[in-house]
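# Structural overview for review
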Amino acid sequence: MSKFESNPEQGEDLSVPPKKLSDEDQAKVDRYLARGYNRVERKPFRPLLLLGIILIVLTLLSLLSLFIAGTKGVV
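Scope of this entry: the structure provided in the associated data block. Since we're looking at a predicted model, the values are computed, not measured. (Residues numbered from 1 in each chain as written. Predicted model: local features only at pLDDT ≥ 70, side-chain atom pairs only at ≥ 80, totals over all residues. Heavy atoms only, no water.)

## What about helix 2 (residues 47–71)?
How we decide: Under the DSSP-based scheme used, a helix requires at least four consecutive residues in state H or I and a strand at least two consecutive residues in state E, with every element numbered from the N terminus. Multiplying 1.5 Å by the residue count of a helix minus one yields the expected span of that helix.
Its 25 residues place the ends of helix 2 36 Å apart at the C-alpha level, agreeing with the 36 Å of an ideal helix rising 1.5 Å per residue. Following helix 2 by one or two positions, glycine 73 has its phi on the positive side, about 80°.

Here it is as structure tokens:
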């Protein structure tokens, strides 16, 4: 059995990944992230607004293509 295969008899919790950093390195990372340099206040994501913008742009492009097709005698 390889090291990546799990043995159900061992009772390992697969939801917690193994530690990749030492405690000292993790403390450095935590201090860096807590400094606030990388923190940006953002507005909440509004999917309906995005959908509305996409629909408006799609409609405008469709009308533009119909106008161009009409001026060229295609439609």
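Past the structure itself, the notes keep going.
## Focus: the pattern of salt bridges
We count it as follows: What makes a salt bridge here is a side-chain nitrogen of Lys or Arg within 4 Å of a carboxyl oxygen of Asp or Glu, nothing more. Burial here depends on accessible area, computed with a 1.4 Å probe over protein chains only, as a share of the maximum for the residue type. Under 20% is buried, over 50% is exposed, and the range in between is partly exposed.
Using the criterion set out here, one finds one salt bridge in the structure. As a salt-bridge pair, lysine 28 and glutamate 24 come within 3.8 Å of each other at their nearest N and O atoms. Of this pair, lysine 28 and glutamate 24 both sit in helix 1 (residues 23–34), four residues apart, which is roughly one turn of the helix. By relative accessible area, which is 55% here, glutamate 24 ends up exposed.

## Quick notes on the environment of arginine 39
In plain terms, the rule: We call two residues in contact when some of their heavy atoms are within 4.5 Å.
With respect to the helices, strands and loops of the structure, arginine 39 is situated in the loop between helix 1 and helix 2. A relative accessible area of 60% places arginine 39 in the exposed class. In this view, arginine 39 contacts Leu33 and Ala34; residues no more than four positions away in its chain are not counted.

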